[in-house]
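Here is what each chain is made of, one letter per residue.
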Amino acid sequence: MSIVVVGTQWGDEGKGKIVDYYGEKVDIVARYQGGNNAGHTVVINGETFKLHFLPSGILRGKFCILGNGMVIEPKALIEEIEMIKNRGIEPNIMISNRAHVILKKHLEEDAKDKKIGTTKRGIGPAYTDKIARRGIRIGDLLDEDYMKERLGSIAEEYITYGRMLSSYIGDTTTTINELIENGKSIMFEGAQGTYLDIDHGTYPYVTSSNTVSGGACTGTGVGPTKIDKVIGIVKAYTTRVGEGPFPTELNDSVGQKIRDNGREYGTTTGRPRRCGWFDAVLVRHACMINGVTSIAITKLDVLSGINPIKICTAYELNGEIIKHVPLTRDMYKCKPIYEELPGWDEDITNAKTLDDLPENARVYIEKIETLCKTNVELVSVGPGREQTIVI
Ligand code: GDP
Ligand code: IMO
Ligand code: MG
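Residues numbered from 1 in each chain as written. Chains lettered and ligands numbered in written order. Predicted model: local features only at pLDDT ≥ 70, side-chain atom pairs only at ≥ 80, totals over all residues. Heavy atoms only, no water.

Engineer: So what's going on with the site of ligand 2? Residues and values would help.
Structural biologist: Not every one of the 20 residues close to ligand 2 is listed here, only the nearest: Asp12, Lys15, His40, Thr119 and Thr207. Between Gly39 and ligand 2, the recorded distance is 2.9 Å, taken from a backbone N or O atom to an oxygen atom. Here His40 contributes a side-chain N or O atom positioned 2.7 Å from an oxygen atom of ligand 2. Considered class by class, the residues forming the shell around ligand 2 number seven nonpolar, 10 polar and three charged. (Near = heavy atom within 4 Å. Polar contact = N/O pair within 3.5 Å; in protein donor to acceptor, adjacent residues only side chain to side chain. Nonpolar A, V, L, I, M, F, W, Y, C, P; charged D, E, K, R; others polar.)

Right under this line is the structure:
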């Protein structure tokens with residue numbers, strides 16, 4: 001069984017928590033794109049783990065793969081491995097020799113960004129070198145002569161990182177396919193979200209990789225015929241960090257209440273996240289392009305006490321009603337058309353089944369299902385592992 005877990009909005013949907021939840025049921029967890037621009041939070045028995053490179057399956061002791069589609073800053077990865085070891089977890093990981101290296105110059109270049117609001121982790125510049133066919137790959141770190149030829153005076157530092165990581169570096173593509181052939185189950189952990197995808201997102205306000213489910217194939221070397229299921233992670237409202245259009249954004253006290261209730265501050269950069277109503281136009285489209293087979297709704301508990309709740313069902317663009325996702329410049333002009341639903345006041349963080357939820361919360365879930373034309377299989381009502389309702 002191969003499952004892709006993918007964000008359907010602008011990232012931070014709660015992918016880490018959901019991957020950890022399903023992580024119990026699979027043998028392998030693999031990241032397929034991005035780098036430490038990702039910040040995935042998992043809360044286990046009240047203890048919080050923030051992961052940037054390592055797949056969230058690491059916390060279940062699963063075999064974890066950092067796929068060829070990733071970009072990796074060796075020093076930051078070594079620090080994250082140390083952090084995990086210090087917390088009593090022995091990392092069982094394999095890093096693709098084909099993943100690209102984030103170099104110091106990439107960090108320096110990214111530090112100059114003023115337009116996109118990047119995470120400043122060197123992601124865009126590293127992918128730029130990859131596409132321009134002048135990048136350095138993780139496997140290259142193990143070839144001292146080649147490193148000296150490519151990096152000159154700074155080669156030593158990277159050769160040292162290579163030595164430190166050498167036991168983890170390998171041909172993940174062959175390994176992963178052999179494991180699948182031997183009947184092992186695998187979960188692909190997406191980073192960022194559909195609207196940060198370089199092709200399908202709100203370009204140019206996006207990240208530099210294919211975040212959508214298709215990226216799981218190119219980013220690990222597993223063919224599309226091997227993917228059985230795609231779970232779309234859907235936050236019960238919308239957030240975004242960084243610049244770019246956001247039709248349902250709330251710049252008022254409701255937006256602030258969502259930010260406070262949901263602790264919407266970036267895991268990687270600490271920036272306050274922009275908050276707004278649920279946008280069914282975006283999520284429906286995301287379900288389509290990712291081939292989502294079922295939805296996991298997260299952070300439903302955050303909406304307790306917000307009344308009424310609005311859902312965007314269409315946009316008005318230049319006097320016309322549209323239900324598709326327009327180009328970025330038009331998206332700035334889109335006025336959301338809302339449907340209002342009654343809220344609920346009850347604390348739902350201890351709910352264990354759908355029946356434990358107030359009627360209006362169940363209606364909200366059904367509304368998302370109908371508007372996105374996809375079944376909901378999981379509802380998360382708190383950051384903890386156990387705060388999960390299976391439908
Ligand atoms: P990711 O990048 O998609 O993995 O998401 P982040 O970890 O960046 O942000 C999600 C935040 O919400 C984290 O702090 C999680 O611990 C938290 N979280 C996840 N699911 C829930 C939920 O159902 N309710 C609440 N209140 N918090 C949640
Ligand atoms: P997770 O995996 C939310 C955003 C940045 C910026 C844009 C480009 O935790 O959901 P980059 O550094 O990638 O070049 O920045 O993308 N961004 C994210 N927003 N969650 C993330 O990851 C993000 N990773 C990048 O804020 O707008
Ligand atoms: Mg995050």
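Next comes the rest of the description.
Engineer: Now, about the coordination of the magnesium ion (ligand 3): what can you tell me, with residues and values included?
Structural biologist: Around the magnesium ion (ligand 3), the protein contributes the donor atoms Asp12 (OD) and Gly39 (O), at 2.0 to 2.2 Å from the metal centre. Linking Asp12 in the loop between strand S1 (2–7) and helix H1 (15–23) with Gly39 in the loop between strand S2 (28–31) and strand S3 (40–44), this pair joins segments that are 27 residues apart in sequence. Given a relative accessible area of 10%, Gly39 falls into the buried group. (Donors = N, O, S within 2.8 Å, 3.2 Å for Na, K, Ca; no water. Helix = DSSP H or I, 4+ residues; strand = E, 2+ residues; numbered from the N terminus. Buried < 20%, exposed > 50% of the residue type's maximum accessible area, 1.4 Å probe, protein only.)

Engineer: Before we move on, can you summarise helix H4 (residues 123–131) with the specific residues and values?
Structural biologist: Along H4, the positions that sit buried rather than exposed are Ile123, Pro125, Ala126, Tyr127 and Asp129. Of the surrounding elements, those touching the buried residues of H4 are strand S6 (71–72), strand S8 (100–101) and helix H3 (104–111). Note on H4: the residue one or two positions beyond its end, Arg133, has a positive phi of about 65 degrees. (Contact = heavy atoms within 4.5 Å.)

Engineer: With reference to specific residues and values, describe the pairing of strand S10 (residues 186–189).
Structural biologist: The two faces of S10 match: Ile186 and Phe188 on one face and Met187 and Glu189 on the other face are all buried. Pairing of S1 with S10, which is carried by four bridges, proceeds in the parallel orientation. Across the sheet, residue Val4 finds its bridge partner in S10, namely Phe188. (Pairing = 2+ DSSP bridges.)

Engineer: Any chance you could break down the sheet that holds S1 for me, citing the residues and the numbers?
Structural biologist: An order of S9-S7-S5-S2-S10-S1-S11-S15-S19-S20 is seen for the 10 strands of this open sheet, with the pairing classed as mixed. The open sheet has two edge strands with one neighbour each: strand S9 (169–170) and strand S20 (388–390). With four bridges connecting them, S2 and strand S5 (residues 63–66) associate as parallel partners. The partner of Ile28 across the bridge, within S5, is Phe63.

Engineer: Outline the packing of helix H2 (residues 74–86) against helix H6 (residues 155–165), listing residues and values.
Structural biologist: Where H2 contacts H6, the axes come no closer than 10 Å and their chain directions differ by 35 degrees. Where H2 crosses over H6, the two elements pack in a sense that is left-handed. For the pair H2 and H6, contact is made by Pro74, Lys75, Leu77, Ile78 and Ile81 and by Tyr158, Tyr161, Met164 and Leu165, respectively. Each residue belonging to the contact of H2 with H6 can be placed in one class, and the counts come to eight nonpolar, no polar and one charged. (Axes fitted to C-alpha atoms, helices over the stretch in contact; angles between N-to-C directions. Left-handed = near helix turned anticlockwise from the far one by under 90°.)

Engineer: Any chance you could break down the pattern of salt bridges for me, citing the residues and the numbers?
Structural biologist: Summed over the entire model, instances satisfying the criterion amount to 21 salt bridges. Among the salt bridges present, the one from Asp129 reaches Lys105, with a minimum N-O distance of 3.6 Å. One end of the pair, Asp129, is in helix H4; the other, Lys105, is in helix H3, with 24 residues separating them in the sequence. Under the relative-accessibility criterion, Asp129 is labelled buried at 7%. Between Lys333 and Asp330 there is a salt bridge; the shortest N-O distance is 3.3 Å. Look at Lys333 and you get partly exposed, because its relative accessible area is 46%. Assessed through its relative accessible area of 26%, Asp330 is described here as partly exposed. Among the charged side chains, a salt-bridge network with shared partners connects Asp12, Lys235, Glu264, Arg273 and Lys299. (Salt bridge = Lys/Arg side-chain N within 4 Å of Asp/Glu carboxyl O.)

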